[in-house]
Amino acid sequence: MDFEFGRADEEFRAEARAWLAEHLVGPYQTLAGRGGPGSEHEAPAARRAWERELGAGGWVGIGWDRTHGAYGNRGASLTQQVVWAEEYARAAAPGRVGHIGENLLAPTLIACGDEAQRRRFLPAVARGEELWCQGYSEPDAGSDLAGVRTAAVRDGAAYRVSGQKIWTSLAGEADWCFVLARTDPGERRHRGLSFLLVAMDQPGRVEVRPIRQMSGTAEFNEVFFDGAVARAEHVVGGEGAGWRVAMGLLALERGVSTLVQQIGFAAELAEVIAAAVRCGALSDPVLRDQLITQWAELRVMRWNALRTLGAAGDAGAPSVAKLLWGGWHQRLGELAMRVRGAAAARGPLDWTPHAPYELDPLQRLFLFTRADTIYGGSDEIQRDIIAERVLGLPRAERSMTGVERGMTRAERG
């Protein structure tokens, strides 16, 4: 596509820059530049207040399809959405905690929800008042979402939900969770699933247990739903349509949204280069070559994202994007340690009984990025998708239950 910034885009840029300069003050300044890998859950009250500040300014959901209404947010073209992301990164504004509701749940409701659901949930997201988390992965169904076991049984106009989700980001702060659950126990694999909206504020019904990561932080969580009392009153797309809705949402997660993500990557790369300068690592030709390669690959990712921006029907584009950024970010974390040599093993503060585990930003980057090739769909699954849906290669055989071994391929789905 022809991607150029015009006069209207530059006027939009000036407006965005002025708004950020005026509002990124006071308590929000303490969050400036924070919110990178492994720290999104810090200072939850201040982060929620910042979401409401963004909502009041009309900066949440600026790229939503406005076919069904504006829902309180301003409209923006694709180029203006990029402009906003660039200015947000340039201002070192706080890491977002509302991005799951804004970038995943809202577009899904606009495309697949009914009008009542859009009226109920979209304005609250646009105002920055309600936060969301994603209930997909389970202990025995990570990248293979068709194997989810969380069940939902109809109880009048609602559903009783029972089961467990895992690796649920920001579940402790979220008000709502969109949950992929099996509503027809007689169906297998991707059939019989539904996309439910579950309120997290159900004491004794929904339990959240933080998962302590090797970075020392815990924004991932386990979530348990007590089927006797945990209830969901909203199903998106109709009962049994969960697989179609979920796959549409994953395309949003793995595709165009990576363009905004790359702006943060560029800032992290600049930090690694600065560390290399301080440590004298640039005198090593191998490290210098690796830094240049990281820079060049980031530019390639940007142009690939721009090339696919707004495109539809490319079955492999989301998986290609996930493979590109996951591996690149992980290599950047490794490089962040390599340029510092032995000093990378020492934390910023001396050990104390009260604070035994302190990391600096680059150490946190290294540890957190070990997960980049796993969460959001592992590299192995992304390669399978490209092989089967783009290259037309035979479907890979995956592990099956005893029941499934006795079924034909068509019956297994």
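Below is a summary of the structure that appears in this document. (Residues numbered from 1 in each chain as written. Predicted model: local features only at pLDDT ≥ 70, side-chain atom pairs only at ≥ 80, totals over all residues. Heavy atoms only, no water.)

**Digging into the overall build of the protein chain**
Step number 1: Counting its regular elements, the protein chain contains 13 helices and nine strands.
Step number 2: Buried positions account for 47% of the 413 residues belonging to the protein chain.
Step number 3: Accessible surface, the protein chain: about 19500 Å² in total, of which carbon and sulfur atoms supply 55%. (Helix = DSSP H or I, 4+ residues; strand = E, 2+ residues; numbered from the N terminus. Buried < 20%, exposed > 50% of the residue type's maximum accessible area, 1.4 Å probe, protein only. Areas by Shrake-Rupley, 256 points an atom, 1.4 Å probe, with all protein chains shown as cover.)

**Focus: the pattern of salt bridges**
Step number 1: Counted according to the given criterion, the structure contains 24 salt bridges.
Step number 2: Close ionic contact of Glu-115 with Arg-119 constitutes a salt bridge, the shortest N to O distance being 4.0 Å. One end of the pair, Glu-115, and the other, Arg-119, are both in helix H5 (residues 115–126), four residues apart, so they sit about a helical turn from each other.
Step number 3: We classify Arg-119 as exposed; its relative accessible area is 53%.
Step number 4: Of the charged contacts, one joins Asp-155 and Arg-231 as a salt bridge, the two residues approaching to 3.1 Å between their closest N and O atoms. Residue Asp-155 is located in strand E2 (residues 151–155), and its partner Arg-231 is located in strand E8 (residues 231–232); the two are separated by 76 residues in the primary sequence.
Step number 5: Relative accessible area serves as the criterion here: at 29%, Arg-231 is assigned to the partly exposed category. (Salt bridge = Lys/Arg side-chain N within 4 Å of Asp/Glu carboxyl O.)

**Here's the deal with helix H8 (residues 285–308)**
Structurally, the α-helix is built with 3.6 residues per turn, so residues lying three or four positions apart point the same way.
Step number 1: Along its 24 residues, H8 runs 35 Å from first to last C-alpha, staying within 8% of the 34 Å computed at 1.5 Å per residue.
Step number 2: Buried within H8 we find Leu-287, Leu-291, Gln-294, Leu-298, Met-301, Arg-302, Asn-304, Ala-305, Leu-306 and Thr-308.
Step number 3: Structurally, the start of H8 carries an N-cap: the backbone nitrogen of Val-286 is 2.9 Å from a side-chain oxygen of Asp-284. (Expected span 1.5 Å × (residues − 1). Polar contact = N/O pair within 3.5 Å; in protein donor to acceptor, adjacent residues only side chain to side chain.)

**Considering the packing of aromatic side chains**
Step number 1: Scanning the entire structure with this criterion turns up 16 aromatic pairs.
Step number 2: With centroids separated by 5.6 Å and ring planes inclined at 70 degrees, the aromatic side chains of Phe-12 and Trp-59 adopt a geometry described as edge-to-face. Taken together, the residues span a long stretch of sequence, with Phe-12 in helix H1 (residues 7–23) and Trp-59 in the loop between helix H2 (44–56) and helix H3 (78–90) at a distance of 47 residues. Residue Phe-12 shares its accessibility class with Trp-59, and that shared class is buried.
Step number 3: Here a set of aromatic residues connected by ring pairs shows up, and it is made of Phe-12, Trp-19, Tyr-28, Trp-50, Trp-59, Trp-84 and Tyr-88.
Step number 4: Just above the ring of Phe-224 sits the side chain of Arg-209; from NZ or CZ to the centre is 4.2 Å.
Step number 5: Lying across the ring of Trp-325, Lys-322 places its NZ or CZ 5.0 Å from the centre. (Phe/Tyr/Trp six-rings, centres within 6.5 Å; stacked < 30°, edge-to-face > 60°. Lys NZ or Arg CZ within 6 Å of the ring centre and 35° of its normal.)

**Some points on H1**
Step number 1: Between its first and last C-alpha, H1 extends 25 Å over 17 residues, near the 24 Å set by a 1.5 Å rise per residue.
Step number 2: Burial in H1 covers these residues: Asp-9, Phe-12, Arg-13, Ala-16, Trp-19, Leu-20 and His-23. Down the axis of H1, the smallest arc covering the buried residues is 135 degrees, so these residues share one side. Along H1, exposed side chains directed more than 90 degrees from the buried face belong to Arg-7, Ala-21 and Glu-22.
Step number 3: For H1, the elements touching its buried residues are H2 and H3. (Arc of directions from axis to C-beta. Contact = heavy atoms within 4.5 Å.)

**Topic: the packing of helix H4 (residues 99–112) against H5**
Step number 1: For the pair H4 and H5, interaxial distance at closest approach is 10 Å and the crossing angle is 160 degrees. It follows that H4 is roughly antiparallel to H5 by the angle criterion. For H4 against H5, the interelement crossing comes out left-handed. Side by side, H4 and H5 meet where Gly-101, Glu-102, Ala-106, Leu-109 and Ile-110 of the first sit next to Gln-117, Arg-118, Phe-121, Leu-122 and Val-125 of the second. (Axes fitted to C-alpha atoms, helices over the stretch in contact; angles between N-to-C directions. Parallel < 35°, antiparallel > 145°, perpendicular 65-115°, else oblique. Left-handed = near helix turned anticlockwise from the far one by under 90°.)

**A few points about a nonpolar patch on the surface**
Step number 1: A surface patch of nonpolar side chains, amounting to about 220 Å² of accessible area, comprises Ile-273, Val-277 and Leu-282.
Step number 2: Tracing the chain through its elements places Ile-273 in helix H7 (residues 258–279). (Patch = residues over 30% accessible without salt bridge, like charges linked within 9 Å, V, L, I, M, F, W, Y side chains within 5 Å.)

**Quick notes on the side chain of Arg-47**
Step number 1: Mapped onto the fold, Arg-47 is located in helix H2.
Step number 2: Owing to a relative accessible area of 2%, Arg-47 belongs among the buried residues under this scheme.
Step number 3: Separated by 3.2 Å, the side chain of Arg-47 and the backbone oxygen of Gly-95 make a polar contact.

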